[in-house]
Amino acid sequence: MYVKAIYTHRIECGEVLEQVLDRYVSELLKEEVVLAITSKIISICQKQVVCKTACSKEELIKREADAIVDMAHSICLTIKDNILIPSAGIDESNGNEVYILYPKDVQKTALSIWNYLKTKHCIKHLGILITDSNVTPMRRGVTGIALGWCGFEPLYSYIGKPDLYSEPLKVTQVNLLDALATSAVLVMGEGAEQTPMAIISGAPKVHFLTRPPTTKEEKSVKISMKKDLYSPHGSPLVKEKLKKFAISS
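In this text, all values refer to a predicted model and were calculated from it rather than measured experimentally.

(A) Broad picture of the pairing of strand S5 (residues 77-80). The pairing of strand S4 (residues 67-70) with S5 spans 3 bridges and is antiparallel. By the bridge assignment for S5, isoleucine 68 is matched with threonine 78. The pairing of S5 with strand S6 (residues 83-86) spans 4 bridges and is antiparallel. Bridge pairing in S6 links isoleucine 79 to leucine 84. In this structure, the hairpin formed by S5 and S6 is closed by a connection of 2 residues, where aspartate 81 is found at a positive phi of approximately 50°.

Written out as structure tokens, the structure is:
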């Protein structure tokens, strides 16, 4: 697998995303590649920003979060778009005195980009991946996650396949979206690299699609808090916090 970061000019608020894509990715697109785009430049193009003087970050988090899990520490832990993430995904880095929010309708945006590039460049098999960075519980540092995607199956299933001793695997699935997002986020960087996009080629286990994902496929990568592997360790506390947040909101 090869991941190539794409250097761009500094994307400014309100730029047309399609024009940015035309300028930087047209010569790099070919069959069976995945284009990764950081969610931050999509938000900037969509004007999904709030001046820091307009309100406090705490007020903004309460407005943007789907639920607040914990505000007792310096970092507010929230749920946004079915993702457990600090501060509802609101970012201050590389923002120039603004808070950058999550993109609007991120899955629809991924589909729109996919349709635009496939049509313009006559490509049959193309993947689109909208990325962000997030932290893993009890691990230092950020890795990548996918917020939206289009053009390929999101999971690779080992269920029913044999292990080394010919025993069938029962539950193992690979989250291709987050695995590819992590690789892309690594090469795109977190600071002043100015490389908000990346081309991924030769990715293993990726099965490209010529249609948008179905509703079932979109839901397949999400797990409710009730069914989540880690929920038994904190569910009473989390449920109480979510209940209080719902009442206060």
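Now that the structure is up, let's keep going.
(B) Local environment of the pattern of salt bridges. Inspection of the entire model under this criterion finds 9 salt bridges. Between glutamate 58 and lysine 62 there is a salt bridge, and its shortest N-O distance comes to 3.6 Å. With glutamate 58 and lysine 62 both in helix H3 (residues 57-64) and 4 residues apart, this pair spans about one turn of that helix. Taking the shortest distance from any N to any O, the salt bridge between glutamate 64 and lysine 80 comes out at 3.6 Å. Here lysine 80 lies in strand S5 and glutamate 64 lies in helix H3, a separation of 16 residues in the sequence.

(C) Just the domain arrangement of the protein, in detail. You can read the domains of the protein as domain 1 (2-47 + 104-224) and domain 2 (49-102). Here the C-alpha centroids of domain 1 and domain 2 sit 23 Å apart. Opposite the 17 residues of domain 1 that make contact, domain 2 presents 12 residues. In total, domain 1 and domain 2 occlude about 1100 Å² of area from one another, counting both sides; carbon and sulfur atoms represent 52% of this. On the domain 1 side of the interface with domain 2, the three residues burying the most area are Lys40, Ser43 and Asn134, jointly 37% of the side's total. In this structure, the connection of domain 1 to domain 2 is made through 1 salt bridge. The partner of aspartate 91 in a salt bridge is lysine 40, with the nearest N and O atoms 2.8 Å apart.

(D) Local environment of the side chain of asparagine 134. Its location among the elements puts asparagine 134 in strand S8 (residues 126-135). Judged by its relative accessible area of 8%, asparagine 134 falls in the buried class. Engagement of the side chain of asparagine 134 in a polar contact is seen with the backbone oxygen of leucine 84, the distance being 3.1 Å. In this structure, asparagine 134 is in contact with Ile83, Leu84, Ile85, Pro86, Gly141, Val142, Thr143 and Ile145, ignoring residues within four places of it in sequence.

(E) Layout of the sheet that holds strand S12 (residues 197-201). Taken in spatial order, the 5 strands of this open sheet run S1-S12-S2-S8-S9, and their pairing is mixed. If you trace the sheet from one side to the other, it starts and ends with strand S1 (2-6) and strand S9 (142-150), each paired once. Taking each pair of neighbouring strands and ignoring which way they run, the sheet shows an average axis angle of 30°. Relative to S8, strand S2 (residues 33-38) runs parallel, the two being bridged by 6 bridges. By the bridge assignment for S8, threonine 38 is matched with threonine 131. Packing of helix H1 (residues 17-24) onto the sheet brings it into contact with S1, S2 and S12, and relative to S12 it is tilted by some 55°.

(F) View of the packing of H1 against helix H4 (residues 106-121). At a minimum axis separation of 11 Å, H1 and H4 run at an interaxial angle of 45°. One way to sum up the angle between H1 and H4 is to call them oblique. Relative to H4, H1 is oriented so that their crossing is right-handed. Contact residues: Leu17, Glu18, Leu21 and Asp22 in H1; Ser112, Ile113, Tyr116, Leu117 and Lys120 in H4.

(G) Quick look at the packing of aromatic side chains. Considering all chains together, one arrives at 2 aromatic pairs under this definition. Seen in terms of ring centroids, tyrosine 156 and tyrosine 158 are 5.1 Å apart; in terms of plane orientation they differ by 80°. Their pairing is edge-to-face. Overall, tyrosine 158 belongs to the partly exposed group, its relative accessible area being 25%. Here the guanidinium or amino end of lysine 205 rests over the ring plane of tyrosine 156, the centre of that ring lying 5.7 Å away.

Conventions adopted
Residues numbered from 1 in each chain as written. Predicted model: local features only at pLDDT ≥ 70, side-chain atom pairs only at ≥ 80, totals over all residues. Heavy atoms only, no water. Pairing = 2+ DSSP bridges. Helix = DSSP H or I, 4+ residues; strand = E, 2+ residues; numbered from the N terminus. Salt bridge = Lys/Arg side-chain N within 4 Å of Asp/Glu carboxyl O. Domains from an automatic or database assignment. Contact = heavy atoms within 4.5 Å. Buried area = accessible area lost by both parts, 1.4 Å probe. Buried < 20%, exposed > 50% of the residue type's maximum accessible area, 1.4 Å probe, protein only. Polar contact = N/O pair within 3.5 Å; in protein donor to acceptor, adjacent residues only side chain to side chain. Axes fitted to C-alpha atoms, helices over the stretch in contact; angles between N-to-C directions. Parallel < 35°, antiparallel > 145°, perpendicular 65-115°, else oblique. Left-handed = near helix turned anticlockwise from the far one by under 90°. Phe/Tyr/Trp six-rings, centres within 6.5 Å; stacked < 30°, edge-to-face > 60°. Lys NZ or Arg CZ within 6 Å of the ring centre and 35° of its normal.

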